[in-house]
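The chain contents come next:
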Amino acid sequence: GAAPSGRGYLAEGRLYVPLSIGEVIAFDTSNGRLASRSRSFDDQVPGNLVRCHDRILSQTASGLWNFEPLEQRRDRIVAKLADRPNDPELLVDHGELLLYSGKIQAAIDRLSEVLKGEANPRASHLLSLALVDGLHADFDTFQQRVQQLLPQLSTSKSDASFLKELVQVYQKGGDSVGATSACLLLASRDDELEKMEFVDSVRQIRRDRWIQTRLAQIWSAADEQTHPQLLALLNRHAEQFEGAIDL
């Protein structure tokens, strides 16, 4: 789970709060609703936040960083897009702004268009985040988009974390087939299986053991009518990947 990782600040009707999961979220103080969120691309956890003129400072025990406010960045990117409307990196920047402004569907559409033209790891990563956010917001509406885009995203080396979060979202939504499929996609990533996962603030577990536990949970929660579908997925995976029987 997420917890505040430092002091936030109040500015222009919004309360900005740093989180331990590498995000800064902003609440609209007029209604208490989430207005925007920003993620750190390199998972850096923000510390105490201070607004200083046209920058935001983040202070932790290990250093001091400065960031551009979302609104200021939006104005800068929109102005550049007017001159270079087909620039792939600017389009990715715009997709990121849409996502962090809560416009999830628009962000998915923008980032998907970029990826139709060429491979772009950053666009793929942001699209993964947008899809997970969409599932959290409206599982039924975004589930179909995930199924459409999952084969493309699952091949990206930067998005094993997306598959892990997707497993949990599918479990929460009661989709045992989708959760198992995402688990097995993650299990097919040999380069990821020995990495460690935090299961709480202190304990860690190796990722292949995390997958084993999740598969057992998914099987136990599924009804008997669904078990044959899950078994077929597991058997197909065991046929395709050497050593999969260990799962």
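A few points on the structure. By convention here, each chain's residues receive numbers from 1 onward along its written sequence. Where totals are concerned, whole chains, interfaces and linings use all residues; where local detail is concerned, this predicted model gives features only for residues with pLDDT of at least 70, and gives and counts side-chain atom pairs only at 80 or more. To obtain the side-chain values, all non-hydrogen atoms of the structure were used and water was disregarded.

This part covers the overall build of the chain. Secondary structure counts use DSSP, requiring at least four H or I residues in a row for a helix and at least two E residues in a row for a strand, with both numbered from the N terminus. Helix and strand counts for the chain come out as 9 helices and 9 strands. All radius of gyration figures rest on C-alpha atoms, and the globule criterion is 2.2 Å times the number of residues raised to 0.38. Computed over its C-alpha atoms, the radius of gyration of the chain comes to 20 Å, within 12% of the 18 Å expected for a compact globule of 247 residues. Overall, the chain is about 60 × 45 × 35 Å in size when its C-alpha atoms are taken along their principal axes. Relative accessibility under 20% of the residue-type maximum defines a buried residue, over 50% an exposed one, and the middle range a partly exposed one, all with a 1.4 Å probe and only protein chains included. Per-residue burial over the chain gives 43% buried out of 247 residues. Any pair of residues with heavy atoms lying within 4.5 Å of one another is described as a contacting pair. Taking contacts inside the chain between residues at least 6 apart in sequence as the whole, the part at least 24 apart equals 44%.

Its 12 residues give helix 7 (residues 176-187) an end-to-end C-alpha distance of 16 Å, which sits within 8% of 16 Å, the value for a rise of 1.5 Å per residue. In terms of burial, helix 7 is largely enclosed, as 9 of its 12 residues are buried. Taken together, the buried positions of helix 7 are occupied by Ser176, Gly178, Ala179, Thr180, Ala182, Cys183, Leu184, Leu186 and Ala187. At the N-terminal end of helix 7, a side-chain oxygen is found 3.3 Å from the backbone nitrogen of Val177, two or three residues along, and the residue is Asp175. Here the expected length of a helix is defined as 1.5 Å per residue gap, with one fewer gap than residues. Polar contacts here mean pairs of N or O atoms no more than 3.5 Å apart (in protein, one a potential hydrogen donor and the other a potential acceptor; neighbouring residues in sequence count only if both atoms are side-chain atoms).

Among the structural elements, Arg74 can be located in helix 1 (residues 70-83). Judged by relative accessible area, Arg74 falls into the partly exposed class, the value being 29%. Remark: the alpha-carbon pair of Arg74 and Glu96, spanning 22 residues in sequence, is separated by 9.8 Å. With residues near it in sequence (within four places) discarded, Arg74 still touches Leu97 and Ser101.

Here the focus is unusual backbone geometry. One non-glycine residue, Glu12, lies in positive phi territory at about 50°. Within the fold, Glu12 resides in the loop between strand 1 (9-11) and strand 2 (14-19). Not every positive phi belongs to a glycine, and His53 is a case in point at roughly 55°. Along the chain, His53 falls in the loop between strand 5 (48-52) and strand 6 (55-60).

Unfilled space is identified by rolling a water-sized probe across the atoms. There is about 630 Å³ of room inside the second largest pocket. If you go around the second largest pocket, you meet 29 residues; those closest to its centre are Val24, Ser38, Arg39, Phe67 and Glu68. Ranked by residue count, the leading element in the lining of the second largest pocket is strand 3 (residues 23-28), at 4 residues. The nonpolar class holds Ala, Val, Leu, Ile, Met, Phe, Trp, Tyr, Cys and Pro. Asp, Glu, Lys and Arg form the charged class, and all remaining residues, Gly among them, are polar. Residues belonging to the lining of the second largest pocket are distributed by class as follows: 15 nonpolar, 5 polar and 9 charged. Of the grid points, spaced at 1 Å and generated over the protein atoms alone, those admitting a 1.4 Å probe that cannot get out make up cavities, while open sets with protein on both sides within 12 Å along at least five of seven lines make up pockets; any residue with an atom within 4 Å of a point is treated as lining. Grid points are joined across faces, edges and corners, and a volume is the space filled by probe spheres set on the points.

Right, let's get into the sheet that holds strand 5. Here, strands pair whenever DSSP counts at least two bridges between them. The 3 strands are arranged 5-6-7 in an open sheet whose pairing can be described as antiparallel. Looking at which strands have only one partner, the edges of the open sheet turn out to be strand 5 and strand 7 (63-67). Adjacent strand axes in the sheet meet at a mean angle of 25° when their direction is disregarded. Sheet analysis places strand 5 next to strand 6, joined by 5 bridges and oriented antiparallel. To get an axis, a line is fitted to the C-alpha atoms, and for a helix only the part in contact is used. The angle between two axes follows their N-to-C directions and goes from 0 to 180 degrees.

Next up on the list: the nonpolar core. Within the largest apolar cluster, 51 residues are counted, with the highest numbers of intra-cluster contacts made by Ile108, Leu127, Leu131, Phe162, Leu166 and Ile211. Considering every element that reaches this core, the biggest residue donor is helix 4 (residues 121-137), with 8 residues. Membership of the second largest hydrophobic core comes to 7 residues, among which are Ala11, Tyr16, Val24 and Ala26. Here, the term nonpolar core denotes a set of buried Ala, Val, Leu, Ile, Met, Phe, Trp, Tyr and Cys residues that are joined through side-chain atoms within 4.5 Å.

Before going further, it helps to spend a moment on the pairing of strand 2. One ladder, built from 3 bridges, connects strand 1 with strand 2; its direction is antiparallel. Pairing of Ala11 across the sheet is with Arg14, part of strand 2. Taken together, the 6 bridges between strand 2 and strand 3 define a ladder with antiparallel strand orientation. Counted as the bridge partner of Leu15 is Phe27 from strand 3. Hairpin remark: strand 2 followed by strand 3, antiparallel, with 3 residues in the connecting loop; positive phi at Gly22, about 80°.

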